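For reference, the chains in residue letters:
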Amino acid sequence: MILIDLKDLERFKNLDSKSLIYEALKWVVAHVDESFVKGTVIICDGAVKVNKEEVAMMPAEKKMLEAHRRFIDIHIPLTEDEYIGWSHTSYLNNLIEKYDEEKDIEFYGDAAQNIFRVCRHQAAVFFPEDAHAPNIGVGIHHKLCIKIPVEP
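Now for a look at the structure at hand.

**Section: the overall build of the chain**
Moving on, step 1. Counting secondary structure elements, the chain contains one helix and 12 strands.
Moving on, step 2. Radius of gyration (C-alpha) of the chain: 15 Å, near the 15 Å computed for a compact globule of 152 residues.
Moving on, step 3. Taken along the three principal axes of its C-alpha coordinates, the chain extends 40 × 40 × 25 Å.
Moving on, step 4. Burial analysis of the chain (152 residues in total) assigns 44% to the buried set.
Moving on, step 5. Pairs at least 24 apart in sequence give 77% of the contacts found in the chain among residues at least 6 apart.
Moving on, step 6. Surface exposure of the chain reaches about 8200 Å², of which carbon and sulfur atoms provide 50%.
Moving on, step 7. With 18 positive and 26 negative side-chain charges, the chain shows a separation of 2 Å between the mean positions of the two kinds.

**Overview of the packing of aromatic side chains**
Moving on, step 1. Evaluation of the coordinates by the stated rule reveals one aromatic pair.
Moving on, step 2. Judged by centre distance (6.4 Å) and plane angle (35 degrees), the rings of Phe116 and Phe126 are tilted. Of this pair, Phe116 sits in strand E9 (residues 114-118) while Phe126 sits in strand E10 (residues 122-126), placing them 10 residues apart in sequence.
Moving on, step 3. Note on Phe126: relative accessible area 0%, which makes it buried.
Moving on, step 4. The residue whose ring lies beneath Arg69 is Tyr99, and the NZ or CZ to ring-centre distance is 4.0 Å.

**Some remarks on the nonpolar core**
Moving on, step 1. Core analysis: the biggest nonpolar cluster contains 24 residues, and Leu25, Val28, Ile74, Ile76, Ile146 and Ile148 have the highest contact counts within it.
Moving on, step 2. Contact partners of Ile74, with chain neighbours within four places excluded, come to Ile21, Leu25, Ala123, Ala124, Val125, Leu144, Cys145, Ile146 and Ile148.
Moving on, step 3. Formed by seven residues, the second largest nonpolar core is a distinct cluster that contains Leu65, Tyr108, Ala131 and Ala133.

Definitions and cut-offs
- Residues numbered from 1 in each chain as written.
- Predicted model: local features only at pLDDT ≥ 70, side-chain atom pairs only at ≥ 80, totals over all residues.
- Heavy atoms only, no water.
- Helix = DSSP H or I, 4+ residues; strand = E, 2+ residues; numbered from the N terminus.
- Rg over C-alpha atoms; globule rule 2.2 N^0.38 Å.
- Buried < 20%, exposed > 50% of the residue type's maximum accessible area, 1.4 Å probe, protein only.
- Contact = heavy atoms within 4.5 Å.
- Areas by Shrake-Rupley, 256 points an atom, 1.4 Å probe, with all protein chains shown as cover.
- Lys, Arg positive; Asp, Glu negative; His and termini not counted.
- Charge placed at Lys NZ, Arg CZ, Asp CG, Glu CD.
- Phe/Tyr/Trp six-rings, centres within 6.5 Å; stacked < 30°, edge-to-face > 60°.
- Lys NZ or Arg CZ within 6 Å of the ring centre and 35° of its normal.
- Core = buried A, V, L, I, M, F, W, Y, C linked by side-chain atoms within 4.5 Å.

If you want it as structure tokens, here you go:
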């Protein structure tokens, strides 16, 4: 898991061999202040999906940890700070919903090892080993959830 302020984008230029994380974050920096419209944008020659979401936040005790195998998730709150729970998948024992290959998701009932704050215009990057419980808080907020394929 990586937490980055978008102004530090250049540090991540060579993070992955195809630079998809960098290119996705570069796209965010260029578009983050545009008017928000829910929906999906495909970038990086079709390799990356940017979901523009309007999400109801919930208390931490009501959130389940989720993990993905085929995609890296990047969460970027746009309208207000967001809290996200995190645990390494190797420490999780309470599988609630087994892995759904079509949706690329599984859910765990374990409590998060950590809960941290992601400020507006910061990005939290979650790799397959990073189970996460996003959208912890109160109210409705706008965010970006970016899906980047994991390299084979």
